[in-house]
Amino acid sequence: MYPPSDRELAARLAARLQELSTQVQYARTELDLLQRSIQANDAPAPVQPHQSPRVQQPVQPPPMQPPAGQPASVDDQPEAWFEREGVVGRILAVTGAAVTLVGVALLLILAIQAGMLGPLGRVVVGGLLSAALLGVAWKVASKPGGRVGAVALAATGLAGLCLDVIAATALYEFVPAIVGLAVGFAIAAIGLGLALRWESLTLAVFVLLGTAILAPIVTGGLSATLIAFLITLMAASYVVQHQRDWPLLHVVRVAPPTLAMTIAVAEPGRTIAESYIIVALLAFLFAVGVGTSLALMRSTAHAHRAAPTGVIIAVALPVLASTNALPDEMYVTVCLSFAVACVVAALLVRGVPAHARVALGGVGAALVLAAALVASSQSLRPAVILSLALVLVAAAAVSPDGSRVRGGILAISGVYTVVGTIILMDASPPSALLNPSRALTFASTPVVVAAAILLAVVVTIGVVIRSTNASSENVEIVRTVCGLVGLYAFSMGTVTAGILIAAKASASSQVTPSPPWDG
């Protein structure tokens, strides 16, 4: 028997394929009929009359259903924290950065112990290694999914550069402090640029805090150069803050210069030259803080944030605390100048939210109050502060009815009234009204004047408060308090004036004329 030829094999395969095709077509038709029967039984529509089977287009089989005991999808199950996207990469990146830093440090220690690196060589090698880490970070960031590792490498490199600057300035004194600060500012600029490009708040916070810690070590303590450097760094970081809505960055960029300035003005016994330097630094900090905050709040991305308003209040604290560092005349001038700047900014700068204007008005009022406390003597202090309250109440009375301006001015005048009343009660306590001898001791013309001004203030507040947007209950509470304070002011003024008049009449009656025969 001869083997079949190629033609016969081809014919057999064709017949076999035709048979398989017929069987598959028949199975598809049966499946289609079965599916239609199931759909007809489930649907409420009437059953269509039976039709003879006919060949139709192939119908895709339904998707495979999992067994009854198996859950439908694993996506519904909560995943563990280490299974989340990017977590393992972050852990490995941070661990790798730490291992790299420790390894480099160990190599340098071995080289130093072996006498292979002198002081200059250590600084140079440390700078080169740190710069290399920054270069590697830039390279890693360009790869997919390498952003986390790049941030860790960049933070390690920046830390190495900061340590290198400390070694070059404070430890070995290769360069002066001003050069070290300039290099530190350049390092901060590089780090902030990378944080802005990679949208990394962690890197930005690390750079600002690291530079703030580095600077005092470089300068050897608190100095005018250090404070100016921190304020400049605060101004430079505004670019990052403006483009990225990071509230935490406000704290990190404002806290170091504000804290350093507050510590600096707390030390008394400054010379005139040092006082002028402090005034210049206070003006620099105040201008940068208020200016950048208003610029941020003018943009829609930062208008809803309360953090810039907090910055306005924070930069005013060193000004208020500079009583010991500045002469009285200079302190009063500085406070009044900054208060005028706050009022002008609140009135003229457009596009800022209402809470920013309230903050500016509150800071200006606090500065004026501080100036009044320092400029006036102890006897005239109640009358001076209550006079300011009376001026503010009069301004509120002529402002539009129901406006926020009237409410804000009344709130500030209320604070002035409370402070003035407390000082007046200290100068002439209410208990003196019940004791004639004590009343004579505390009686003075400034007390009568202050009591009269206080009475005018509380009466005006009680009238003006009715035209504000305050609720009726709050209005009644304020008017009740004003009535009690007015009663005290009237009693104190009347009694004190009567005592003064009686004392003057008694003194004049004791002067008797000389007899005519005495000379």
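In the block above lies the structure referred to throughout.
Residues numbered from 1 in each chain as written. Predicted model: local features only at pLDDT ≥ 70, side-chain atom pairs only at ≥ 80, totals over all residues. Heavy atoms only, no water.

Caption draft 1: Spotlight on the side chain of S237. Considering the arrangement of structural elements, one finds S237 in the loop between α7 (224–236) and α8 (238–243). Owing to a relative accessible area of 0%, S237 belongs among the buried residues under this scheme. There is a polar contact of 3.0 Å between the side chain of S237 and the side chain of R253. Not counting residues within four places of it along the chain, the set of residues in contact with S237 comprises L192, L208 and R253. (Helix = DSSP H or I, 4+ residues; strand = E, 2+ residues; numbered from the N terminus. Buried < 20%, exposed > 50% of the residue type's maximum accessible area, 1.4 Å probe, protein only. Polar contact = N/O pair within 3.5 Å; in protein donor to acceptor, adjacent residues only side chain to side chain. Contact = heavy atoms within 4.5 Å.)

Caption draft 2: Geometry of the nonpolar core. Counting 49 residues, the largest nonpolar core has M261, L282, F286, L294, V315, L326 and L360 as the members making the most contacts within it. Of all the secondary structure elements, the ones that give two or more residues to this core are α6 (201–219), α7, α9 (247–265), α10 (272–298), α11 (307–320), α12 (328–348) and α13 (354–375). Aside from chain neighbours lying at most four places away, what touches L282 is M261, V265, P318, V319, S322, L326 and F338. (Core = buried A, V, L, I, M, F, W, Y, C linked by side-chain atoms within 4.5 Å.)

Caption draft 3: Just the packing of aromatic side chains, in detail. Applying the stated rule across the entire model yields two aromatic pairs. Where F185 meets F229, the ring centres are 6.4 Å apart and the plane angle is 75°; that geometry is what we call edge-to-face. Of the two residues, F185 is situated in helix α5 (residues 177–198) and F229 in helix α7; the sequence distance between them amounts to 44 residues. For F185, a relative accessible area of 29% translates into the label partly exposed. Ring centres of F286 and F338 lie 4.8 Å apart, and the angle between their planes is 15°; on these two criteria the pair is classed as stacked. Of the two residues, F286 sits in helix α10 while F338 sits in helix α12, which places them 52 residues apart along the sequence. Judged by its relative accessible area of 6%, F286 falls in the buried class. (Phe/Tyr/Trp six-rings, centres within 6.5 Å; stacked < 30°, edge-to-face > 60°.)

Caption draft 4: The arrangement of the layout of surface pockets in detail. Counted as a void, the largest pocket has a volume near 790 Å³. Mapped by element, the contributors of at least two residues to the lining of the largest pocket are α12, α13, α14 (381–398) and α15 (404–427). Ranked by residue count, the leading element in the lining of the largest pocket is α13, at eight residues. Among the residues forming the lining of the largest pocket, the class breakdown is 19 nonpolar, four polar and two charged. (1 Å grid on protein atoms, 1.4 Å probe; cavity = no way out; pocket = protein on both sides within 12 Å on 5 of 7 lines; lining within 4 Å. Points joined across faces, edges and corners; volume = space filled by probe spheres on them. Nonpolar A, V, L, I, M, F, W, Y, C, P; charged D, E, K, R; others polar.)

Caption draft 5: Representation of α11 in the model. Helix length check: α11, at 14 residues, gives a terminal C-alpha distance of 20 Å against a target of 20 Å (1.5 Å per residue), a fit within 8%. The set of residues buried in α11 consists of P308, T309, V311, I312, A314, V315, A316, P318 and V319. Of the surrounding secondary structure, the elements contacted by the buried residues of α11 are α7, α9, α10, α12 and α13. (Expected span 1.5 Å × (residues − 1).)

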